[in-house]
Amino acid sequence: MSSKTPALQISKKEVQKPSFNYALKIVQEVCEEASVQSFIRQYYPNMYEDFTKVYSGNQDVPFVSPEAESYFRDPATYEIMLMATTELGLSRTVAKEEFGRKGLAILEKLVTENILIEKNGIVSMDGPINANQETVHKLFTNLVQMNYDVDAFGSKENWLSLQYKSVNSSYVLPKMMEVYKKANSDIREILNSPNSKGTDIIWAGMVMDTLTKKSDQNTGVLQ
């Protein structure tokens, strides 16, 4: 695979038609301080139509910087990033209690690098945030592997289930997508309800796909 940046690969036409996720990463790289959504809307209106479908319900939520996304993916820092980016934020006292001196050092580094901001003794990130699919995938994997309490299943209100069957994916996937979008919207509504305010951090995720990857003739190939 080429070591060139995605933007340079596109400019040299080494990628004829990148996937949506790859194109989004390119946009994040080149738009610098500008809003990802505004950049796409202005320069890639066709992509913006897909963007509003893919990010239905949170298409206006700003994306964190690529530097910040790397800390959401890192198994050593994702929990600190999650705690700091809730409405409560994260204090140094709590960071030390939960993660020890090493966690406190990580928090200090995140503040020094301006990944997180500190105000009145609370470290946080302003407002709601969004991330690209690679980051969401890695964060989801970290949470399932290290934060899902398997031993408590049945005695605690946690949930993990899996279903699979041979089907016509052209028929099933669009219908399941609507179910997942509706469930995602319902979960967001519950989490944002005034009655839900508290200090417990709850995470919920949903995923579906085909067992094997299907090739797409319209997707460019990196040389």
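Residues numbered from 1 in each chain as written. Predicted model: local features only at pLDDT ≥ 70, side-chain atom pairs only at ≥ 80, totals over all residues. Heavy atoms only, no water.

Novice: Mind showing me how you'd approach the overall build of the protein chain here?
Specialist: Counting its regular elements, the protein chain contains nine helices and three strands. In the protein chain, the succession of helices and strands from N to C terminus is α-α-α-α-α-α-β-α-β-β-α-α. Taken across its 223 residues, the protein chain has 26% of its residues classed as buried. Counting only contacts in the protein chain whose residues sit at least 6 apart along the sequence, the fraction spanning at least 24 positions is 61%. When the accessible surface of the protein chain is split by element, carbon and sulfur atoms take 53% of a total near 16100 Å². (Helix = DSSP H or I, 4+ residues; strand = E, 2+ residues; numbered from the N terminus. Buried < 20%, exposed > 50% of the residue type's maximum accessible area, 1.4 Å probe, protein only. Contact = heavy atoms within 4.5 Å. Areas by Shrake-Rupley, 256 points an atom, 1.4 Å probe, with all protein chains shown as cover.)

Novice: Looking at this model, I keep getting lost on helix 4 (residues 45–54). Mind explaining?
Specialist: Two residues of an α-helix separated by three or four positions point the same way, owing to the 3.6 residues in each turn. Looking at helix 4, one finds that the buried residues are Met-47, Tyr-48 and Phe-51. Down the axis, helix 4 shows its buried residues gathered within 100° of arc, on one side only. Structural note: helix 4 exposes Asn-46, Glu-49 and Lys-53 on the side pointing more than 90 degrees away from its buried face. Lining the buried residues of helix 4 we find helix 2 (20–30) and helix 3 (36–43). (Arc of directions from axis to C-beta.)

Novice: How should the packing of aromatic side chains be read in this particular structure?
Specialist: The relative placement of two aromatic rings is captured by the distance of their centres and the angle of their planes. The tally for this structure, following the rule as stated, stands at one aromatic pair. Ring plane angle 55° and centroid distance 6.4 Å describe the contact between Phe-153 and Trp-159, whose orientation is recorded as tilted. (Phe/Tyr/Trp six-rings, centres within 6.5 Å; stacked < 30°, edge-to-face > 60°.)

Novice: Would you explain helix 3 in this entry?
Specialist: Considered for burial, the residues of helix 3 that qualify are Val-36, Gln-37, Phe-39 and Ile-40. The arc enclosing the buried residues of helix 3, seen along the axis, measures out at 165°, which places them on a common side. For helix 3, the secondary structure elements touched by its buried residues are helix 2 and helix 4.

Novice: How should I be thinking about the sheet that holds strand 3 (residues 122–124) in this particular structure?
Specialist: Strand pairing in a sheet relies on backbone hydrogen bonds, with the paired strands running either antiparallel or parallel. Here three strands make up an open sheet; going across it, the order is 1-3-2 and the pairing antiparallel. Pairing within the sheet leaves two strands with one partner each, and these edge strands are strand 1 (90–91) and strand 2 (117–119). (Pairing = 2+ DSSP bridges.)

Novice: Would you mind showing me how to read the packing of helix 2 against helix 4 here?
Specialist: Helix packing for two helices is described by the angle between their axes and how far apart those axes are. The contact between helix 2 and helix 4 brings their axes to 12 Å, and the two run at 110°. Viewed along their axes, helix 2 and helix 4 adopt a mutual orientation that is roughly perpendicular. Contacts from Phe-20, Ala-23, Leu-24 and Val-27 of helix 2 reach helix 4 at Met-47, Asp-50, Phe-51 and Val-54. For the contact of helix 2 with helix 4, a count of residues per class yields seven nonpolar, no polar and one charged. (Axes fitted to C-alpha atoms, helices over the stretch in contact; angles between N-to-C directions. Parallel < 35°, antiparallel > 145°, perpendicular 65-115°, else oblique. Nonpolar A, V, L, I, M, F, W, Y, C, P; charged D, E, K, R; others polar.)

So far we have only geometry, and geometry alone does not tell us how the molecule works.
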